[in-house]
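Secondary and tertiary structure notes
Listed here are the chains, written in short residue letters.
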Amino acid sequence: MTVRVKICGVSTPEILAAAIAGGAGDVGLVFFPRSPRNVSADEAAALSAAAPGDVTVVGLFVDPPDEALDRVLSLARLDLLQLHGSEEPGRVAAIKRRTGKPVMKAIKVAEPADLDAARRYDGIADRLLFDAKAPSTEGRFMPGGNALSFDWRMLAGRSWPCPWMLSGGLTPETVAEAIRTSGAPGVDVSSGVETAPGVKDASRIAAFIAAASGA
């Protein structure tokens, strides 16, 4: 099995180049002002223009209003929209209709019952992303990129009618075990290849992709 790797939170040309050189299939651009990985529409335009056509450019949004989507899409090439907030199935479908773009819906997981939420997006989401649910009582946590993980065994043997990826607390040191345990056909990393919040490290990106590819 060839594992697909997404490097999320790309914000500089140097890190984009490192992700591409390592063999990442997806690169993620974050459009969430509270995130240390946030990029502007103009920055996204330059980054997406530099990405080769065989690399999927993913735009991460959190409960985005239509105007925000329109603004970014008017400037930047986004091949896939990642919805990482509380978007209901109807809203996901509406965004797909408005933008004409495929969508990856993030499902926040802490316990097995949380996986049931994924079924609500059958026939709507083009991909699913299973990420760790942040503690609701801790306001310092963001929708993603919190370096939190969940029990990967919950995903073992499960299947969905669309491609899916595993995220949440993955690092070059843990990603191979996560893939073997969960059976994930794809993995998504952000904080796990950083030296500080929002500061990606090219050597950790290379190590992560190598570990995922060899799992």
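In this report, we go over the structure that sits alongside the text. All of these numbers come straight from a predicted model, not from anything done at the bench.

**As for the overall build of the protein**
- What the protein contains, in helices and strands, is seven helices and ten strands.
- Here the C-alpha radius of gyration of the protein, 16 Å, is about what a compact globule of 215 residues would show, namely 17 Å.
- The principal-axis extents of the C-alpha atoms in the protein amount to approximately 40 × 40 × 35 Å.
- Out of the 215 residues belonging to the protein, those deemed buried represent 50%.
- At a minimum sequence separation of 6, the contacts of the protein that also span at least 24 residues come to 57%.
- On the protein, roughly 9,100 Å² of surface is accessible, and the fraction owed to carbon and sulfur atoms is 52%.
- Charge-centre separation for the protein: the mean point of 23 positive side chains lies 2 Å from the mean point of 25 negative side chains.

**Description of helix α6 (residues 175–182)**
- Looking at α6, one finds that the buried residues are V175, A176, A178, I179 and S182. For α6, the buried positions fall inside an angular range of 160° around the axis, keeping them on one side.
- G183 occupies a position one or two residues after α6 and carries a positive phi of about 75°.

**Thoughts on the environment of A106**
- Within the fold, A106 resides in strand β5 (residues 103–109).
- Taking the relative accessible area as the measure of exposure, A106 reaches 3% and is therefore buried.
- On a C-alpha basis, the gap between A106 and A118 in space is 8.8 Å, while along the polypeptide they are twelve residues apart.
- In contact with A106, other than residues within four places in its own chain, are L83, H84 and L129.

**Considering the pattern of salt bridges**
- On inspection of all chains with the given rule, the structure shows 15 salt bridges.
- Taken together, the salt bridges that share partners define one network made up of D66, D70, R91 and R98.

**So, the packing of aromatic side chains**
- Counted by the stated rule, this structure contains four aromatic pairs.
- Ring geometry for F130 versus W160: centroids 4.6 Å apart, planes at 45°, classification tilted. Of the two residues, F130 is situated in strand β6 (residues 127–132) and W160 in the loop between β6 and β7 (164–166); the sequence distance between them amounts to 30 residues. The two residues F130 and W160 agree in class, both being buried.
- Where W160 meets W164, the ring centres are 5.8 Å apart and the plane angle is 65°; that geometry is what we call edge-to-face. In this structure, W160 and W164 share a single accessibility class: buried.
- An aromatic cluster of at least three residues, connected via ring pairs, comprises F130, W160 and W164.

**Regarding the pairing of β6**
- Taken across its six residues, β6 has six buried, putting it largely inside the fold.
- Side chains of β6 alternate between two faces, with R127, L129 and D131 and L128, F130 and A132 buried alike.
- Of the strand pairs in this sheet, β5 and β6 are connected by six bridges, and their pairing is parallel. Looking at the pairing, K105 lines up with L128 of β6.
- Examined bridge by bridge, β6 and β7 share three bridges and lie parallel to one another. Bridge pairing in β7 places L129 opposite M165.

**Overview of the state of the cysteines**
- Inspection of every chain in the model, using the stated rule, returns zero disulfides.
- With no disulfide of its own, C8 lies closest to C162 among cysteine sulfurs, the gap being 18 Å.
- Taking the relative accessible area as the measure of exposure, C8 reaches 5% and is therefore buried.
- Exposure remark for C162: the relative accessible area of 14% places this residue in the buried category.

Rules and cut-offs
Residues numbered from 1 in each chain as written. Predicted model: local features only at pLDDT ≥ 70, side-chain atom pairs only at ≥ 80, totals over all residues. Heavy atoms only, no water. Helix = DSSP H or I, 4+ residues; strand = E, 2+ residues; numbered from the N terminus. Rg over C-alpha atoms; globule rule 2.2 N^0.38 Å. Buried < 20%, exposed > 50% of the residue type's maximum accessible area, 1.4 Å probe, protein only. Contact = heavy atoms within 4.5 Å. Areas by Shrake-Rupley, 256 points an atom, 1.4 Å probe, with all protein chains shown as cover. Lys, Arg positive; Asp, Glu negative; His and termini not counted. Charge placed at Lys NZ, Arg CZ, Asp CG, Glu CD. Arc of directions from axis to C-beta. Salt bridge = Lys/Arg side-chain N within 4 Å of Asp/Glu carboxyl O. Phe/Tyr/Trp six-rings, centres within 6.5 Å; stacked < 30°, edge-to-face > 60°. Pairing = 2+ DSSP bridges. Disulfide = S-S within 2.5 Å.

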